Amino acid sequence: MAIAEPKIVYQRPTSLATRVTHYCPGCTHGVAHRLIAEVLDEMELREKTIGVAPVGCSVFAYNYFDHDYVEAAHGRAPAMATGIKRMLPKNTVYTYQGDGDLASIGMAEIMHAAARGENITVVFINNAIYGMTGGQMAPTTLPGMVTTSSPGGRDIESMGYPVRMAEILSTLDGAGYVVRRSLHDPNNIRKAKKAIRLAFETQERGLGFSLVELLSSCPTNWKLSPVDALQFIEDKMIPMFPLGDYKVNPEIGKLRV
Amino acid sequence: MAKKLYKGNEAFAEAAIRAGCEGFFGYPITPSTEFLEYMAKRMPELGRAFVQAESEVAAINMVYGAACTGKRVMTASSSPGISLMMEGISYIAGTELPCVVINVMRGGPGLGNIAPSQGDYYQMVKGGGHGDYFPIALAPSTVQEAVDSIALAFDLAEKYRSIVHILVDGNLGQMMEPCEMPPMQPLRETPPDWAVSGAKGREKRILSSIYIDPPDEEVTNLRLLKRWMEIEASEVRYDELHTEDAEIAIIAFGTAGRVASTAVRQARAEGIKAGLFRPITLAPFPKKEIAALAKRTKRILVVEMNTGMMLDDVSRVIEGKVPIEFYGRLGGVTPLPDEIYDEIMRISHNIDAPAPENPRMEWVTRLEKILEGEN
């Protein structure tokens, strides 16, 4: 019996570089990177895309993608992306930012990029902690959550409450597409990919600011096994950060991808 | 082209447009705001980028991103705003990107006031941001010279992939003066070979200020230094007035230099051999030229609108070979020509006196007397 010609059903996206990861075992940054690369391939955007890397664990994001990249100062990626997009409006520009970068030091830049309706895409990794500096409290850290700078657990009396960025940003008229997804299981990863696709579709159609918040794991700093960390997202993070579509331009809502 | 009457800030903005500036990102601040207002109107008319940012922090980071595309981009601000920009300026320096930053300086520190000052000398000339880098710093003294310095600033920025700071003060930003605009330059059509534009048909490009392995950063610091030494060797600019035979040589930049020129002419009219050396590039500093000046003059008077910041640089060059004196006004006060003339006369009467042990200290004593008289 003749053997059927082998068919490739899964391979590294062209937009993803061949590079050994520096991320910790069980970290979902790698998944998020891959989803972006798959979307850029599918939409054939690689050759005109410029990424903006943040400061945080994904500070070296540019090493993992095979397209042009720049590296921003902490929190300033939306401003830097604004500068690029205004000079090269036909190019695709996206930022990749963590919660400390986007929701703490970069709060002003993200809010105003959205308010201006800046035609950029933001992939926002929310893992409720500062990873790169070793597990400090982030603006998204859950109440009671132990971090190195909230060693007794986040005390809402003195340290305040977590910030829900997708909800806040969705109130701004300049935002065209703002959703929250999670990377804790295959079903949700598929939904996350679709959201990233729609975010880039928003940009390509000139419909304003687009952001996908991705609930992500940090086993190292959460001091959990990779599997337990995924469970933590489902059990603890999703109740605080509900998944959903917070703002979808009707044109994007009608899109089938 | 005929001369036209321009307000300083508006003239600088038009000059930037004519020099091919394709992106302006700024935030309102007195006394530089008219620059932003002018750009707000003109840039969109020409299909070029203008954004009023949410802060100076965002503005300079927009400039940072825009500079990554290899186009001519800039911002303009004033002292407190420039302080906020120092983070981005350091990153731009670390990424070796060209851009132009204009500081219409005002009195400080802190909120200070909105009157003209030269108190940002250290910040603008020595760097101001963190890390090991060297900005080019130009200090024009008239609206026309500032207009002409903007095209030069863009040329230097591109030639050396460097930040160019232009120091003017509230006087130059706010005054109206006739000036001739340079012709409109064509825009650059192809981006430089380091710029990001999308990796079509080429390897991807990464623009970053990160060199995580110290030996890589060391090589980078060394590259920046060597480039700086090349700039020092070939880009020094200055202006001189009656310095050939001057017994009293004033060294002053920007507005202080301009006021001093009036005092020098007045002294010359009375037969006093005064002269003016005016650095146009504060960085690179005209070291050789000032050292040469020291050899042919009897006394040097440094005049600034600060507490003697350039005085330190002059002293380092002169190495005690000729006596140095200092005169400054502070906090947003511009010296009058008469004050500098009085200084020339004072020095002229004591031309062979021993060198002041501490020129700054002796000036403080004199200034305090003047302030008593003024109040």
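These figures come from a predicted structure and were not determined experimentally. (Residues numbered from 1 in each chain as written. Chains lettered and ligands numbered in written order. Predicted model: local features only at pLDDT ≥ 70, side-chain atom pairs only at ≥ 80, totals over all residues. Heavy atoms only, no water.)

With that out of the way, let us pick up the overall build of chain A. Counting secondary structure elements, chain A contains 10 helices and nine strands. Its C-alpha atoms give chain A a radius of gyration of 18 Å, within 12% of the compact-globule value 18 Å for 257 residues. Taken over the C-alpha atoms alone, chain A extends approximately 65 × 55 × 35 Å along its principal axes. Evaluated residue by residue, chain A yields a buried proportion of 60% over its 257 residues. When contacts within chain A are restricted to residue pairs at least 6 apart in sequence, those whose partners lie at least 24 apart make up 68%. Per element, the accessible surface of chain A, about 10,500 Å² overall, is 56% carbon and sulfur. (Helix = DSSP H or I, 4+ residues; strand = E, 2+ residues; numbered from the N terminus. Rg over C-alpha atoms; globule rule 2.2 N^0.38 Å. Buried < 20%, exposed > 50% of the residue type's maximum accessible area, 1.4 Å probe, protein only. Contact = heavy atoms within 4.5 Å. Areas by Shrake-Rupley, 256 points an atom, 1.4 Å probe, with all protein chains shown as cover.)

Moving on: the environment of A:V59. Mapped onto the elements of the fold, A:V59 is located in the loop between strand 1 (49–53) and strand 2 (68–71). With 147 residues separating them along the chain, A:V59 and A:G206 place their C-alpha atoms 28 Å apart.

Attention shifts here to the nonpolar core. Within the largest apolar cluster, 156 residues are counted, with the highest numbers of intra-cluster contacts made by A:F209, B:F35, B:M39, B:M74, B:I102, B:I250 and B:I300. The element best represented in this core is helix 6 (residues 143–160) of chain B, accounting for 11 residues. No fewer than three residues from each of domain 1 (4–234) and domain 2 (238–374) of chain B sit in this core. Apart from residues no more than four positions distant in its own chain, B:M74 is found in contact with B:A16, B:C21, B:G23, B:F24, B:F25, B:F35, B:M39, B:V63, B:V100, B:I102 and B:F154. Listed in part, the 36 residues of the second largest apolar core include A:A37, A:Y96, A:A199 and A:L255. (Core = buried A, V, L, I, M, F, W, Y, C linked by side-chain atoms within 4.5 Å. Domains from an automatic or database assignment.)

This part takes up the domain arrangement of chain B. The parts lose accessible area when they come together, and the size of an interface is often stated as this lost area. Residue and element names in this part refer to chain B. According to the domain assignment, chain B consists of domain 1 (4–234) and domain 2 (238–374). Using only C-alpha atoms to locate each centre, domain 1 and domain 2 end up separated by 29 Å. Between domain 1 and domain 2, the contact holds 30 residues from the first and 28 residues from the second. Both sides together, the interface formed by domain 1 and domain 2 hides about 2,200 Å², and carbon and sulfur atoms give 50% of it. Here domain 1 is connected to domain 2 by four salt bridges. With its nearest N and O atoms 3.3 Å apart, the salt bridge here joins K287 to E232. (Buried area = accessible area lost by both parts, 1.4 Å probe. Salt bridge = Lys/Arg side-chain N within 4 Å of Asp/Glu carboxyl O.)

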